[in-house]
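Structure assessment
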Amino acid sequence: MTPSIHRPSARGLRGPDLPPVLSETAWRDRRRVLKLLGLGGGLLAAGPAAAWAGDRCDPGQATYPASERWVPAWPPAGGKELYPATRNPTWKQADRALTPEDAAAQKNNFYEFLPGRAGPVHRYVGDFEPDPWKVEIAGLVEEERAVDVDEIARIAPLEERVYRFRCVERWSMVVPWTGLPMAAFVKWCRPTSEARYVKFTSFLRPEQAPGQRRGGSYPWPYYEGLRLDEATHPLTLLVTGIFGHGLPAQHGAPVRVVVPWKYGYKSAKSFVRVEFTRDEPGTFWSDLQPLEYPFLSNVEPDVPHPRWSQATETDIGTGDRFPTRPYNGYADEVAKLYAG
Ligand SMILES: Nc1nc2c(c(=O)[nH]1)N[C@H]1C(S)=C(S)[C@@H](COP(=O)(O)O)O[C@H]1N2
Ligand SMILES: [Mo]
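My aim in this report is to walk through the structure given alongside it, one point at a time. This is a predicted model, so every value here is computed, not measured.

Let's talk about the overall build of the protein chain
Within the protein chain, the regular secondary structure consists of 11 helices and 15 strands. When the 340 residues of the protein chain are sorted by exposure, 57% land in the buried category. Restricting to contacts in the protein chain with at least 6 residues of sequence separation, those with at least 24 account for 74%.

Overview of the pattern of salt bridges
On inspection of all chains with the given rule, the structure shows 16 salt bridges. As a salt-bridge pair, Glu-142 and Arg-190 come within 3.5 Å of each other at their nearest N and O atoms. One end of the pair, Glu-142, is in the loop between strand 4 (134–139) and strand 5 (145–148); the other, Arg-190, is in the loop between helix 7 (182–189) and strand 8 (197–202), with 48 residues separating them in the sequence. In this structure, Glu-313 and Arg-166 form a salt bridge, with 3.3 Å as the shortest nitrogen-oxygen distance. With Glu-313 in strand 14 (residues 312–315) and Arg-166 in strand 6 (residues 159–166), this pair connects stretches of sequence that are 147 residues apart. Exposure remark for Glu-313: the relative accessible area of 3% places this residue in the buried category. Accessibility expressed as a relative area gives 0% for Arg-166, which makes it buried. Ionic contacts of the salt-bridge type, sharing partners, join the residues Arg-96, Arg-166, Glu-313 and Asp-315 into one network.

A word on unusual backbone geometry
With an omega dihedral of -10°, the bond running from Tyr-83 to Pro-84 counts as a cis peptide bond. With respect to the element layout, Pro-84 can be found in the loop between strand 2 (56–57) and strand 3 (86–87). In this model, Asp-131 is joined to Pro-132 through a cis peptide bond whose omega is 0°. Within the secondary structure, Pro-132 is located in the loop between helix 5 (101–104) and strand 4. At Phe-243, a residue that is not glycine, the phi angle is positive and equals roughly 50°. With a relative accessible area of 1%, Phe-243 lands in the buried category. At Ser-297, a position not held by glycine, the phi torsion is positive, near 50°.

A few points about the side chain of Gln-250
Mapped onto the fold, Gln-250 is located in the loop between strand 11 (245–246) and strand 12 (256–258). For Gln-250, a relative accessible area of 3% puts it in the buried group. At 3.0 Å, the side chain of Gln-250 and the backbone oxygen of Ala-105 are in polar contact.

Describing the sheet that holds strand 4
Taken in spatial order, the 5 strands of this open sheet run 5-4-13-8-9, and their pairing is mixed. One side of each edge strand has no neighbouring strand; the edge strands of this open sheet are strand 5 and strand 9 (223–227). Put simply, the sheet's adjacent strands are angled 20° from each other on average, direction ignored.

A word on empty space enclosed by the protein
A probe as big as a water molecule, rolled over the atoms, marks out the empty space that is left. The tally for this structure, following the rule as stated, stands at 3 cavities of 30 Å³ or more. Quantified by volume, the largest cavity comes out at close to 280 Å³. In terms of lining, the largest cavity is formed by 22 residues, of which the most central are Asn-109, Phe-110, Gly-264, Tyr-265 and Lys-269. Ranked by the residues each element gives to the lining of the largest cavity, the list is headed by strand 7 (residues 171–181), at 3 residues. For the lining of the largest cavity, the class distribution of residues is 12 nonpolar, 6 polar and 4 charged.

Here we look at helix 7
Every buried residue belonging to helix 7 is among Met-182, Phe-185, Val-186 and Cys-189, and all of these are buried. Each buried residue of helix 7 lies within a common arc of 100° when the element is viewed along its axis, so the set occupies one face. The positive-phi residue at the C-terminal boundary of helix 7 is Arg-190, with phi of around 55°.

A word on the side chain of Asn-108
Position of Asn-108 among the secondary structure elements: in the loop between helix 5 and strand 4. Among the polar contacts listed, one links the side chain of Asn-108 to the side chain of His-251, at a separation of 3.4 Å. Excluding anything up to four places from it in sequence, Asn-108 contacts Arg-117, Ala-118, Gly-119, Val-121, Gln-250, His-251 and Lys-269.

With respect to the site of ligand 1
By nearness alone, 20 residues border ligand 1, and Tyr-111, Glu-112, His-251, Arg-256 and Lys-269 come closest of all. Between ligand 1 and the protein, one listed contact pairs an oxygen atom with a side-chain N or O atom of Arg-256 at 2.7 Å. Side-chain polar atom of Lys-269 to an oxygen atom of ligand 1: 2.6 Å apart, as the coordinates give it. Here ligand 1 is seated within the largest cavity. Each residue belonging to the shell around ligand 1 can be placed in one class, and the counts come to 10 nonpolar, 7 polar and 3 charged.

About the thresholds
- Residues numbered from 1 in each chain as written.
- Chains lettered and ligands numbered in written order.
- Predicted model: local features only at pLDDT ≥ 70, side-chain atom pairs only at ≥ 80, totals over all residues.
- Heavy atoms only, no water.
- Helix = DSSP H or I, 4+ residues; strand = E, 2+ residues; numbered from the N terminus.
- Buried < 20%, exposed > 50% of the residue type's maximum accessible area, 1.4 Å probe, protein only.
- Contact = heavy atoms within 4.5 Å.
- Salt bridge = Lys/Arg side-chain N within 4 Å of Asp/Glu carboxyl O.
- Polar contact = N/O pair within 3.5 Å; in protein donor to acceptor, adjacent residues only side chain to side chain.
- Pairing = 2+ DSSP bridges.
- Axes fitted to C-alpha atoms, helices over the stretch in contact; angles between N-to-C directions.
- 1 Å grid on protein atoms, 1.4 Å probe; cavity = no way out; pocket = protein on both sides within 12 Å on 5 of 7 lines; lining within 4 Å.
- Points joined across faces, edges and corners; volume = space filled by probe spheres on them.
- Nonpolar A, V, L, I, M, F, W, Y, C, P; charged D, E, K, R; others polar.
- Arc of directions from axis to C-beta.
- Near = heavy atom within 4 Å.
- Sits in = over half its atoms within 2 Å of the grid points.

Structure below.
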């Protein structure tokens, strides 16, 4: 998200700070995953290239070009023993190669740390403290309360899902998220029958987030919202991890939303408050620029952003361009939410 035109280019991603995909740590990590699957080093010696060709891996395998570099120093939500979670077979691949973790972790949108553009957010998160972490449950619920993120991570079994993810600025990626169905969380919150929307509010910690100190004109904290039928759709995830470990800060530690059929900004990171409402809540971006960022913001390739076409997208790992699909390729699952 940026108020000025941003032209995604592969160049920016292949800059000097992007380590080679097949780094030592990546290989070590892959070996670790194989071990977890009960496959020995023998298989690896027999032909590692069979499962992983160049900078692409077989999206059907529970292996990926992950890197130890992005494993957070703090314990992940729910505790280390919950990671890596079992991959959900329904969402084990996404008709496109997985994006290497080194690419996904070095180009992020997180204006609290780096306002104004997508970029190397990971360089600005040094003061952020995602542990411990409380989340307030408020509004139209049977009982308002504050809960620990570890409790949230245990509401339902964590699972891994490979989803496409599309930013409104036309970059996209395919990554394995770890999380639980948002529907399970919503139910656990016990909203009243009056509730029709849910609003997620991110943290306000200027002392830990340089973008909240110098991103002066933004109405911090970040806030987003979903209709309750969207939040409880089986595709919507409450996410606590990525690439088999807890979320690093730049991806929204320790807990975030992922709604794969909407533009990325609908997926609020590092939320501290969940409020159930009767009326449609405002959102950070739609309150700033209502014409550019409407509440629904479903991925619609035929509807251009006022300042650019949405017909295609560029993968942040490979720089390859793809046609953008309605609902980001999830029309079969979600189009019915918007029928009539
Ligand atoms: N709190 C907060 N959440 C946020 C943002 C942000 O700036 N602050 N950016 C959004 C945008 S525009 C995108 S594309 C995604 C990016 O997620 P990623 O960096 O994990 O890929 O986060 C979304 N959630
Ligand atoms: Mo975005």
